[in-house]
Amino acid sequence: MAHGGMRAFVRALEERGWLARIGREIDPYLEVAAIADRVMKTGGPALLFENVRGAKFPLLINAYGSRERMSLALGVEDLEEHAKTLGELVRMRAPSNARDLLSLAAKLPELAHVPPRRTTEGACQEIVQMGDAVDLDALPIMTSWPDDGGPFITLPNVITRDPDSGARNVGMYRMQKIDRRTTAMHWQLHKTGARHCRRAKELGLSRFEVAVALGGDPAVTYAATAPLPDGIDEWMFAGFLRRAAVKTVKCKTIDLEVPADADFVLEGYVDPREELFDEGPFGDHTGYYTPVDRFPRFHVTALTHRADAVYPTTIVGPPPMEDAWLGKATERLFLPLLQTLFPEVKDMNLPVEGAFHNLVIVSIKKQYPFHANRVAHGLWGAGQMMFSKVICVVDDDVDVQNLAEVTWRLLANLDPKRDLSFVDGPIDQLDHGANQALFGGKVCIDGTRKWKEEGYTREWPEVARMSADVSARVDAMWSELGIGGPSAKHVISEHANGHHANGVGAVERIIRVAREIARRPS
């Protein structure tokens, strides 16, 4: 199911009772963020601020802030539907018989809508302002935290083309508003947009064209955050998710295309030769302020928008936040792709408190000695997984989504001296934990059952589990026992879910012990 702009998504949210409208005037300087932060922390609804001080447009925030709303944004009842379909597609083999051929033919219509389609006009250009008429102050761009360097656009789809190949990239990079026609462009060193800009500078270009789309179909916005391999077009991926092609329209002042149903479009350019801007500080998704750093300036040549435009935004900071569900969507959707590289992987969890890259928990079907280390090193070599600081590997009978179980099994199996492996490598530009920027330590924690070939000389114990037939009999008689409440197995499940944060804390304690061991003289 495709959503034709933010208004359509707002209607879908409201029909399900997942949206609250706020009519009172609210200041975009800190007040919107303070309200949204409280709502996000308590699992509250999407918020539509209809009267943002000084702005001409309503503001939508926390639209992605639950599994149900994230699933709705991607046009499915649950994220696992897309994960299943992706898994079937990546496992697709050449047909060897008539049945296989029919099965393949049945899937082909699903892919017909994947490529984006160009159109001559779009709702995103119902209102056009160019040159001196451009005024970013009309947008409800908010300041999220007291020490932020200014207002930031936080959900932009930033569109560039490779200066050599012409290949399009759509990424999400925050944009600090400098004045009514200029923003900073937070192109982190490892990102594709930064690579395009560096190449433009090498070629001596004075105008590197950039377009920024805001709103439109939320699946298009999600696609801009997805860790797609180089060469995979984000709008093709969005077309797959929304089961409808992304229609594009040519910009008014630059030679780029934008989604026709976007709510706002900023057209403009970066001069790669221009002095960089001191961007920041910014309260970031790590929960800490990112310090001031130097980034390019984006000059806006045109601002176009729908007549009924809604401005989409989010706040990041100490978790949990709305972006947790953007991360969880990536975890579920990209697991089947990861399993094509590592078939031994059963499941993966990127805990919200880990800010996406600080902690990865993966379960594997162990097949040979030291298999966990091989998986960890493989993940560190797989695209954005290279930023993962801590990778915990457990056996395939561990539910990695249950952090209480992970903590129990990991700690029970652990010999810190034997099971922690440290390496050095690239880290995220936003990471402040390492002694220097961009490079630091990482650790693999092997929580799998140990084999004799790995130096374990004793007999490994089995997990104490009740037999299936007895559990079934107790379940059947439970309502007759007069005990009340849920059955024991449900109590265990609820208890585990309630101790989510404690699981992360236990892993942090493991890391502290490992550091102490590493400091000891040999």
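## Things to note about the pairing of strand β23 (residues 390–395)
β23 sits mainly inside the fold: six of its six residues count as buried. For the segment spanning strand β22 (residues 359–364), helix α10 (residues 371–380) and β23, crossover handedness is right-handed. The pairing of β23 with strand β25 (residues 439–446) spans four bridges and is classified as parallel. Following the sheet pairing, Val393 is matched in β25 by Asp446.

## Some words on the side chain of Thr143
Assignment of secondary structure puts Thr143 in the loop between β5 (127–130) and β6 (152–153). On the basis of relative accessibility, which here comes to 6%, the residue Thr143 falls in the buried class. With residues up to four places along the chain from it excluded, the contact list for Thr143 reads Pro28, Tyr29, Leu30, Ala33, Asp148, Gly150 and Pro151.

## Examining the sheet that holds strand β21 (residues 345–349)
The sheet built from five strands is open, its strands ordered β21-β22-β23-β25-β24 with mixed pairing. The open sheet is flanked by β21 and β24 (420–426), the only strands paired with a single partner. Within the sheet, the average angular offset between the axes of one strand and its neighbour, ignoring direction, is 20°. Sheet topology places β21 next to β22; four bridges connect them, and they run antiparallel. Across the sheet, the residue bridging to Val345 is Ile364, located in β22.

## Quick word on the environment of Phe282
Take Phe282: it is sitting in strand β16 (residues 282–283). Along the sequence, Phe282 and Phe152 sit 130 residues apart, while their C-alpha atoms lie 8.5 Å from each other. Once residues within four sequence positions are removed from consideration, Phe282 is found in contact with Asp148, Phe152, Thr154, Arg174, Tyr288, Tyr289, Thr290 and Val316.

Quick notes on the rules
Residues numbered from 1 in each chain as written. Predicted model: local features only at pLDDT ≥ 70, side-chain atom pairs only at ≥ 80, totals over all residues. Heavy atoms only, no water. Buried < 20%, exposed > 50% of the residue type's maximum accessible area, 1.4 Å probe, protein only. Helix = DSSP H or I, 4+ residues; strand = E, 2+ residues; numbered from the N terminus. Right-handed = clockwise from strand over helix to strand, strands pointing away. Pairing = 2+ DSSP bridges. Contact = heavy atoms within 4.5 Å. Axes fitted to C-alpha atoms, helices over the stretch in contact; angles between N-to-C directions.

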